[in-house]
Amino acid sequence: MSRIFSISPKRGVGYDVPLHLKLGTEFLVLLISLMAFLSILAATGIVGLGHITKAWTSGLENSITIEIPAANVSEDEVQSLLQGLLKIEGVQKAQRLGQKDMEKLLSPWLGNVSSLWEDLPIPALITVTISERNAQITSKIAVTTRKISPNATVDAHDAWLSDLLKLANGLRLVSLGVFCLIMLVTATVVAGAVRSRMAIHHRELELLHIMGASDSYITNQFVRYILVQSLKGVSFGILIGLATLGLLSLISRNNPGTLPEMTLSGAEWSLFVAVPLLLAIMAVMAARITALRVLREMP
Amino acid sequence: MSRIFSISPKRGVGYDVPLHLKLGTEFLVLLISLMAFLSILAATGIVGLGHITKAWTSGLENSITIEIPAANVSEDEVQSLLQGLLKIEGVQKAQRLGQKDMEKLLSPWLGNVSSLWEDLPIPALITVTISERNAQITSKIAVTTRKISPNATVDAHDAWLSDLLKLANGLRLVSLGVFCLIMLVTATVVAGAVRSRMAIHHRELELLHIMGASDSYITNQFVRYILVQSLKGVSFGILIGLATLGLLSLISRNNPGTLPEMTLSGAEWSLFVAVPLLLAIMAVMAARITALRVLREMP
Amino acid sequence: MIKFEHVGLRYGIGPEVLSDITFTLTSGSFHFLCGPSGAGKTSLMSLLYLGRRPTRGTIQAFGQNTNLLSRTDLAALRQNIGVIFQDFRLLPHMSAFDNVALPLRINGMNEKKTKAHVEELLDWVGLGDCMHRLPPTMSGGQQQRIAVARAVIANPKLLLADEPTGNLDDEIGMKLMGLFEQLNKMGTTIVIATHSLQILDSLPHSRLILENGQLHIFNPSTSSTTIKENVDV
Amino acid sequence: MIKFEHVGLRYGIGPEVLSDITFTLTSGSFHFLCGPSGAGKTSLMSLLYLGRRPTRGTIQAFGQNTNLLSRTDLAALRQNIGVIFQDFRLLPHMSAFDNVALPLRINGMNEKKTKAHVEELLDWVGLGDCMHRLPPTMSGGQQQRIAVARAVIANPKLLLADEPTGNLDDEIGMKLMGLFEQLNKMGTTIVIATHSLQILDSLPHSRLILENGQLHIFNPSTSSTTIKENVDV
Ligand SMILES: Nc1ncnc2c1ncn2[C@@H]1O[C@H](COP(=O)(O)OP(=O)(O)OP(=O)(O)O)[C@@H](O)[C@H]1O
Ligand SMILES: Nc1ncnc2c1ncn2[C@@H]1O[C@H](COP(=O)(O)OP(=O)(O)OP(=O)(O)O)[C@@H](O)[C@H]1O
Ligand SMILES: [Mg+2]
Ligand SMILES: [Mg+2]
C-alpha cells in the first residue's frame, strides 16, 4: 500500500512545507511560461513598432516639400524662393531636387525612360529641411512660398505623418497595456496560488510559527518555491518566444514583403531576458507580499 | 488562526475524500472547457466540410457535359447524339442547353447582350444526367460521342472533382484525427489528475478501504468529482463554441463572400451537445478505470 | 473467528516485525494486546483488520481463508470489523456526525436510520452538542470518543482498539471499558492494545503479549503467574 | 517566567473555555496540568506557547507583556519554548532527523552542529537507527519520542508537554519523566498535561487542576489533602 504512494524523503528539495508534492505546480509553470511568452511578444511589439515608424518617417519628419506645377516653373522664381526660404529662422537647407533625384522618384511610375525626360512637363520640387517641426516654422514657410510663388503647393506631410504616428503610438500603447495586464495577471495568479497553498498547509505553518520561525523564514519557503517555478516557466517562455521569432523570420525570408521586417539591435535582444526576468520578479514579489499578509493574521 | 483558514463543514458537497478543497480543480475545468471547444470545432469542421463539398459537387457529380465546338454545330448531329446517348443504360437524361440556359451561363462573361446573341458563334452544350457515376458509363458515353460527333469534347468533371473530393476528405480525416487526439488527451489528463489526487488522499482512501468500502464506493467519489468538473468545463466549452460561431456568422454576414457559408441542419446542431457529452463520458470513464486500477493495488 | 497460522510480516526489506505467529481468537472472546513500544501491536492490528496482507502464513477470518477471497468479499468481511486507531484517523474535513456516520453509509443504511443511530451514540459518548463541529476544533479526548463511536456504530463482530484510552481521563476511560465489556457480552469479539496497567489489572481478560516478534499468551483468570506460552488461546 | 492575569479564552462565539485564570509559573518550577477531557488543558497549553491570544486578560512571558510585543519579538520568545503536542504534529513528508532538526534550523544553527546534536538525541530516545524514516512508517511510541526529541533539542527555557506518555510503555514513560526531571534540575520550567495517575502519584510536583474553566492549585509536598485554591503558585 504505502509502496504505491511512496513519497521519497529528500531533504535536498528543502521545503519545510511540502509544496513540491502538490498538484497544480505544473499548471503554475505552464501559466508562467505562457505569460512570459506573451510579455516577450508585447515588448518586442513595442520596440519593433518603434523601429517601423522610425523607418517610415525618417527624413520626412523634419522635411517639407514644395511643388511648383510644371506649367509655372521659371528658373528665377525657383531661385528667389530658395533664397527666401533660407532666410527663415529654423530652416537648415532648401534644395531643388535635381534631374537624378526626380528620375529616381518617378521611375517607378514612368519606367526608366530618361530619353523621354526632356519632353515631359516636370514640376519643380524643393525639399526644405528644418531643425525642428513646429507650427511657427511651417506657417512662415507657407507665407514666404505664397508670396514669392503663388502657384506652389506646400506639402508639410502633416496630415498623414501625424495619422501614422498616432496609429503607431496607439498600437504601442495597446502593447504596453497588454504588457502591464500580463504582469498584473501573473501577480494575481501567483498570489492566489500562494494563498491557497498556505490554506492547505496551515497546520504545518502553524507548527513552524509556534516553533518560533519568523515571518521571513516561512515566507522564504514560498518565495523560493515560486522563484523556482517562475524561472522554469520563464525559461520555457523564452524558448517559445525565440522559436516564434525564428519561424517568423523564416517566413519573411521566403516570402519577402508579406511581413514588415523587424530587426532588433543587440541591446534590444536583451528584452528576451529582461522582460521574463521582470515577470519572475513580479511573481516573487507577489508571493512575498501575499505570504507576509497571510502570516500577519497569525497570533 | 483557524478562522482565517476556516473550511466550512458542508455535507452537501458529499465527498468522503476532500476533493473539492483541492487546487487544480479550476485548471481541470479550464482544460476540459478548452478541449470541449476544440472538439466542437473539429466536429463542426467535419460536418461543415461535408456540406461545402456537397454544395460544390451537387449536380456535377451525376452529370457529364458534352461540348460541340461552335464551328461544327449541326442540328442533325446534335439530335442524333442525343438519341445515341439516351440509349446507353444508366443515362437518365440528355438535354441540349437552350438559349436561356446559355445566356445565364455566359452573361457574367459577356454581359447581358442578348441582341448580340445571334452574331456569336455559340457551341452546343449537352448535359447528360447519369444514375450513378462509374467508369463503364463514362467510357460508353465517350465512345458513343466520338462515333456520332468526332469533334465533340466530353467533360466528365473527373479530374478536378476527384481532386476536390480528395482535398475535402483529407481535411475531414485530419479533423477526425484532431477529434480523436482531443479525446485521448482529455482521458490522459483526467487519468493523471485522478491518480495524483488518489496519491495525495491515500490516508483517507486507506481508511475507507479498511471500513469495508467496496472499490466501486470509493471509485464513485472520484467519478462524481470528475463528472461535475467535466460538466462544468463542457458547458463553458459549449458557450465559447456558440460565441465563436455567432462571431463568424456576423463577420460573414457583414462581409459576404469572404468566408464559406456553413449552415448546420437541426440535427447537426445537436453536435454542440453530443460532442461535449462524449468528451465528458470519456473523462468519466478514464477516471473510473484509473481509480479502479489504483485501488486494485490495495490489499 | 480469526485464526493466524505461521503469520510473518515485514515492511519492505526490513527485518520481520512479526514472525511465525499462530493463534486463534474464538468468537465472543476479549483480549488485551500488550508489549513495549515498537513491538508490533499496531502491525498485528493491521493484519487483524485485513488492512495489510501478511508476508507469509495464512489468516482465516470469519471462517474464510483471506488469501483466497475476492476483493469484493474482503470488503464485505471488513464491514464486520470496527477499528479504533491509535492516531484516530478522523477525516478532518467532515463533521463529527459525518465521521461517525461513515460506516453506516458505506454499509448502505438509509439516511434517516443513520441519523437516529449516530445521534444516539454521540449523545452516549457525551458529544451530543458538538456533533457538527470538525475534528480539528475538538479536544484530544473528544476526538478519541468520536473514533470510538465510529468504530462501534455499525455493530461490528470484531472490535479492535489501539490505545483507546490514551487521551481519556479515568472516569471516561472506565466508562469506555464498560462499553467494551457490554459489547463483548452481546457477542462482539474484542482486542484492545494498551499499556495502561490500571486497565490491565482491573479486568481479568487474557493477554496477548508481543515481544521480539513473538506472541506469548497470559491468562490471569486461570493462572496468576506470568507463564508465557506460544500456543493457541 | 510566565504570568497569567485574568486570562479568558473562547473559541469563536462559543462559551468561555477558560475564564479569569490568574497564576504565575516561576522559573525552574515543575507542574502537572490535570483535569477531565475537554476541560481546556490543550487550550491553556496553546496560550502558554503563545500559539493563541487570550480573548481577555494579559499574559506576561519572560518578563514581557505579550500583548505589546512585535511579531518579530514574539517569534524570538517562542524559540525559548519547546512543545510536545498531544497529536505529535510531526511533518509527515520529512524524515525523523529533519523533524527533530527543525527548531535548530529555525534558530539558525549551522548544519554540522545540528547533525551532531540531533543524532545524539535520537540515539538517546532509542531511534538512532531509524532517523531517516518518515513518521508515518513508525509506531505510535516512536512518533511520540520524535516529538519529545523535537521539543527538547533546542534547550528551551519552558517545556510544555501534552500527554507525553500516552503512547509509551511504562519503562520508556518513566525514562522520559526522568529526562524531564533532569531538564528541570538544569533550570527548565516544565508543565506536563497528563491523566496518568501513576505519574502523578510518583512525582511530588504541584498540580494545576482545570475544572469548568477555573484553575485550582494543589501542592502535594506541602499538604496531603486536596485543597483547591484559586491563588498564585
Ligand atoms: N479549535 C477549536 N475550536 C473550537 N473549539 C475548540 C477548539 N479547540 C478546542 N475546543 C473546545 O474547547 C474545549 C477544551 O478543549 P481542550 O482541547 O483544551 O481540552 P483538553 O483539556 O485538552 O481535553 P483532552 O484531555 O480531551 O485533550 C473543548 O470543549 C473543545 O471542544
Ligand atoms: N509503515 C511502516 N513501514 C515501515 N516500518 C514500519 C511501518 N509501521 C511500523 N513499522 C515498524 O514496525 C515496528 C512495529 O511497529 P508498530 O507500530 O506495530 O509497533 P507498536 O507495538 O504499535 O508500538 P507503539 O506501542 O509504539 O504504538 C516498529 O519498529 C516500526 O518502526
Ligand atoms: Mg502502535
Ligand atoms: Mg488536550
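The structure we're discussing is the one just above.
Everything in this summary refers to the structure shown in the same document. (Residues numbered from 1 in each chain as written. Chains lettered and ligands numbered in written order. Predicted model: local features only at pLDDT ≥ 70, side-chain atom pairs only at ≥ 80, totals over all residues. Heavy atoms only, no water.)

**Focus: the overall build of chain C**
Then, number 1: Regarding its fold elements, chain C presents 7 helices and 10 strands.
Then, number 2: For 233 residues, the compact-globule formula gives about 17 Å, and the C-alpha radius of gyration of chain C, at 18 Å, lands near that figure.
Then, number 3: Dimensions of chain C, computed from C-alpha atoms along their principal axes, come out at roughly 50 × 40 × 35 Å.
Then, number 4: For chain C, the proportion of its 233 residues judged to be buried stands at 58%. (Helix = DSSP H or I, 4+ residues; strand = E, 2+ residues; numbered from the N terminus. Rg over C-alpha atoms; globule rule 2.2 N^0.38 Å. Buried < 20%, exposed > 50% of the residue type's maximum accessible area, 1.4 Å probe, protein only.)

**Quick notes on the packing of aromatic side chains**
Each aromatic ring pair is specified by the distance between its two centres and by the angle formed by the two planes.
Then, number 1: For the structure on display, the rule yields 7 aromatic pairs over all chains.
Then, number 2: Its guanidinium or amino end placed over the ring of F85 of chain C, R89 of chain C lies 4.7 Å from that ring's centre, counting from NZ or CZ. (Phe/Tyr/Trp six-rings, centres within 6.5 Å; stacked < 30°, edge-to-face > 60°. Lys NZ or Arg CZ within 6 Å of the ring centre and 35° of its normal.)

**Regarding the coordination of the magnesium ion (ligand 4)**
Then, number 1: Only T42 of chain D (OG1) and Q86 of chain D (OE1) from the protein reach the magnesium ion (ligand 4) as donors, at distances of 1.9 to 2.2 Å. Of this pair, T42 of chain D sits in helix α1 (residues 41-48) while Q86 of chain D sits in the loop between β6 (81-84) and α3 (96-107), and the two are 44 residues apart along the sequence. (Donors = N, O, S within 2.8 Å, 3.2 Å for Na, K, Ca; no water.)

**Focus: the interface of chain D and chain C**
Then, number 1: Contact residues are listed per partner, giving 18 residues for chain D and 18 residues for chain C.
Then, number 2: The contact between chain D and chain C buries some 1,400 Å² in all, and 42% of this surface belongs to carbon and sulfur atoms.
Then, number 3: Along the contact surface separating chain D from chain C lie 0 salt bridges.
Then, number 4: At the junction of chain D with chain C, the criterion picks out 2 residue pairs in polar contact (both at pLDDT 80 or more).
Then, number 5: Put simply, the parts of the chain that give the side of chain D that touches chain C at least two residues each are α5 (140-152) and α6 (170-185) of chain D.
Then, number 6: Top contributing element to the side of chain D that touches chain C by residue count: α5 of chain D, with 4 residues. (Contact = heavy atoms within 4.5 Å. Buried area = accessible area lost by both parts, 1.4 Å probe. Salt bridge = Lys/Arg side-chain N within 4 Å of Asp/Glu carboxyl O. Polar contact = N/O pair within 3.5 Å; in protein donor to acceptor, adjacent residues only side chain to side chain.)

**Observations regarding the interface of chain D and chain A**
Then, number 1: Every contact between the two is made by 23 residues of chain D and, on the other side, 25 residues of chain A.
Then, number 2: Surface buried jointly by chain D and chain A totals about 2,200 Å² across both partners, of which 62% is contributed by carbon and sulfur atoms.
Then, number 3: Counting across the interface, chain D meets chain A through 3 salt bridges.
Then, number 4: When the shortest N-O distance is used, the salt bridge between D87 of chain D and R203 of chain A registers 3.0 Å.
Then, number 5: Applying the counting criterion to the chain D and chain A interface returns 8 residue pairs in polar contact (both at pLDDT 80 or more).
Then, number 6: Among the secondary structure elements, those contributing two or more residues to the side of chain D that touches chain A are α2 (71-78) and α3 of chain D.

**Comments concerning the coordination of the magnesium ion (ligand 3)**
Then, number 1: Only T42 of chain C (OG1) and Q86 of chain C (OE1) from the protein reach the magnesium ion (ligand 3) as donors, at distances of 1.9 to 2.2 Å.
Then, number 2: Judged by relative accessible area, which is 16%, Q86 of chain C ranks as buried.

**Comments concerning the side chain of Q86 of chain C**
Then, number 1: Side-chain polar atoms of Q86 of chain C contact the side chain of T42 of chain C, separated by 3.0 Å.
Then, number 2: Residue contacts for Q86 of chain C: discarding those within four places in its chain leaves T42, D162 and E163 of chain C together with G140, G141 and N167 of chain D.

**Notes on the site of ligand 2**
Then, number 1: Taken together, 18 residues are adjacent to ligand 2, and K41, T42 and S43 of chain C together with R133 and G141 of chain D come closest.
Then, number 2: One of the side-chain nitrogen or oxygen atoms of Q86 of chain C is found 2.9 Å away from an oxygen atom of ligand 2.
Then, number 3: In the model, an oxygen atom of ligand 2 is placed 2.5 Å from a nitrogen or oxygen of the R133 of chain D side chain.
Then, number 4: In the complex, 88% of the free accessible area of ligand 2, which totals 640 Å², lies under the protein chains.
Then, number 5: Taken together, the elements giving at least two residues each to the shell around ligand 2 come down to α1 (41-48) of chain C together with α5 of chain D. (Near = heavy atom within 4 Å. Areas by Shrake-Rupley, 256 points an atom, 1.4 Å probe, with all protein chains shown as cover.)

**Focus: the site of ligand 1**
Then, number 1: Close to ligand 1 lie 18 residues; R133 and G141 of chain C together with K41, T42 and S43 of chain D are nearest.
Then, number 2: Residues within reach of ligand 1 are spread across chains C and D.
Then, number 3: Taking K41 of chain D, its main chain carries an N or O atom lying 2.6 Å from an oxygen atom of ligand 1.
Then, number 4: Contacts to ligand 1 include Q86 of chain D, whose side-chain N or O atom sits 2.9 Å from an oxygen atom.
Then, number 5: Calculation on ligand 1 without its partners gives an accessible area of 630 Å², and the protein chains cover 89% of this total.
Then, number 6: Elements that contribute at least two residues to the shell around ligand 1 include exactly α5 (140-152) of chain C together with α1 of chain D.
Then, number 7: Looking at the shell around ligand 1 residue by residue, the classes come out as 4 nonpolar, 12 polar and 2 charged. (Nonpolar A, V, L, I, M, F, W, Y, C, P; charged D, E, K, R; others polar.)

**Overview of the relation of the copies chain D and chain C**
Then, number 1: For the match of chain D to chain C, the screw axis carries a shift of 0.0 Å, the RMSD comes to 0.0 Å, and the turn is 180°. The superposition operator between the copies reduces to a two-fold rotation axis. The rotation axis passes nearest to the C-alpha of G166 of chain D in chain D, at a distance of 2.4 Å.
Then, number 2: Mapped onto chain C, 100% of the interface residues of chain D are again interface residues, and the two copies thus contact each other with one and the same surface. (Least-squares fit on C-alpha atoms with pLDDT ≥ 70 in both.)

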